[in-house]
Every structure is written in structure tokens, then in C-alpha cells.
Amino acid sequence: MWRLREGTHPVLTDEGGAILSERTGRWAYLTPTASAAVMLLLASTSQDEAASRFAERYGIDAGQAAADVRTVAEALAAQGLAHNGQAPARTRRRRWRWPS
């Protein structure tokens with residue numbers, strides 16, 4: 001199941017949107033169609049279901065819809081804003097120690 005990572009805050013509308021990353025403090029801005037793809041990904045149980053609903057919404061071929069949804073999902077994953085499947089393990093931060 002595709003989802004946004006912990007520490008991300010989406011602001012999504014049909015007119016576009018953005019996702020804030022607490023980790024970086026940066027916003028990722030989305031076009032209206034990318035925002036719709038994210039909303040459908042979040043509301044669906046799979047990318048295939050989201051692509052089907054995307055195709056229906058925009059009246060496009062199922063193959064094109066699947067490619068569009070996959071592109072949005074992969075772009076957000078590459079930016080560290082989303083992941084597919086289980087939540088990734090948290091990385092441990094090493095604490096600084098005084099030299100002995």
C-alpha cells in the first residue's frame with residue numbers, strides 16, 4: 001500500500017497542492033493532476049486501483065493512467081516523501097561522545 005512517510009504533511013486540492021517534509025523543511029509542489037493522483041493513491045488500497053480511478057476521472061486509457069500514477073508515486077518516493085509497502089525501519093542516530 002502506497003503512503004506518505006511519517007513527518008510529511010499534505011495540502012491537497014483539485015487545483016493543485018503541496019507536501020511539507022518535516023525532515024527537510026521543504027515543500028514539494030504538485031500540479032492539479034499530480035495532486036489528484038496523490039489523493040487517489042492515499043484513498044486506494046493499491047496503485048492499480050488508484051490508476052483505474054484516475055483513468056475514469058480523466059477519461060484516459062488505463063495504460064496511460066497507470067504510467068501517470070506510477071510516475072507521481074515514484075517521484076515522491078525518490079524525494080523521500082512516500083513509500084510503498086511497510087514503513088521503513090527508522091535509522092538510529094549516533095550520539096556524539098566525549099573522547100576518553
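Preceding this section is the structure that the text describes.
An account of the accompanying structure is given in this report.

### Re the overall build of the protein
Part 1 of the argument: A count of helical and extended segments in the protein gives three helices and five strands.
Part 2 of the argument: Going residue by residue from the N terminus, the α and β elements of the protein occur as β-β-β-β-α-α-α-β.
Part 3 of the argument: Split into buried and exposed, the 100 residues of the protein put 33% on the buried side.
Part 4 of the argument: Across the protein, every contact between residues at least 6 apart in sequence was considered, and the portion connecting residues at least 24 apart equals 44%.
Part 5 of the argument: Here the protein has roughly 7,200 Å² of accessible surface; of this, 50% comes from carbon and sulfur atoms.

### A few points about the packing of helix α1 (residues 32–43) against helix α2 (residues 47–58)
Part 1 of the argument: Running from N to C, α1 and α2 point in directions that differ by 135°, and their axes come no closer than 8 Å. With respect to α2, the axis of α1 lies oblique. Taken as a pair, α1 and α2 cross one another with a handedness that is right-handed. Of the residues in α2, those in contact with Pro32, Thr33, Ala36, Ala37, Leu40, Leu41 and Ala43 of α1 are Gln47, Ala50, Arg53, Phe54, Arg57 and Tyr58.
Part 2 of the argument: Of the residues in the contact of α1 with α2, the class split is nine nonpolar, two polar and two charged.

### So, the pattern of salt bridges
Should their charged atoms come close, side chains of opposite charge can pair.
Part 1 of the argument: Applying the stated criterion to the full structure yields one salt bridge.
Part 2 of the argument: Linking arginine 53 and glutamate 49 is a salt bridge whose minimum nitrogen-to-oxygen distance equals 3.8 Å. Taken together, the positions of arginine 53 and glutamate 49, both in helix α2 and four residues apart, correspond to about one turn of that helix.
Part 3 of the argument: What makes arginine 53 partly exposed here is its relative accessible area of 34%.

Cut-offs used in this document
- Counting of residues starts from 1 at the beginning of each chain's written sequence and follows it residue by residue.
- Whole-chain, interface and lining totals are the exception, using all residues; otherwise, since this is a predicted model, local features are given only for residues with pLDDT of at least 70 and side-chain atom pairs are given and counted only at 80 or more.
- Derived side-chain values reflect all non-hydrogen atoms in the structure, with water molecules and hydrogen atoms excluded from consideration.
- In this description a helix means any DSSP run of H or I spanning at least four residues, a strand means any run of E spanning at least two, and both kinds are numbered starting from the N terminus.
- Between buried and exposed lies partly exposed: a residue is buried under 20% and exposed over 50% of the maximum accessible area for its type, with that area taken using a 1.4 Å probe on protein chains only.
- Between two residues, a contact is recorded if the distance between any of their heavy atoms is within 4.5 Å.
- Values of accessible area rely on a 1.4 Å probe in the Shrake-Rupley scheme; residue burial ignores everything except the protein chains shown.
- Lines are fitted to the C-alpha atoms to define the axes, a helix being fitted only along its stretch in contact, and any angle between axes, read from their N-to-C directions, falls within 0 to 180 degrees.
- Here roughly perpendicular refers to angles of 65 to 115 degrees, roughly parallel to angles under 35, roughly antiparallel to angles over 145, and oblique to all remaining angles.
- Working rule for handedness: look at the near helix, and if it is turned counterclockwise from the far one by less than a right angle, call the crossing left-handed; if clockwise, right-handed.
- Residues are grouped as follows: nonpolar covers Ala, Val, Leu, Ile, Met, Phe, Trp, Tyr, Cys and Pro; charged covers Asp, Glu, Lys and Arg; every other residue, Gly included, is treated as polar.
- The working definition used for a salt bridge is a side-chain nitrogen of Lys or Arg within 4 Å of a carboxyl oxygen of Asp or Glu.

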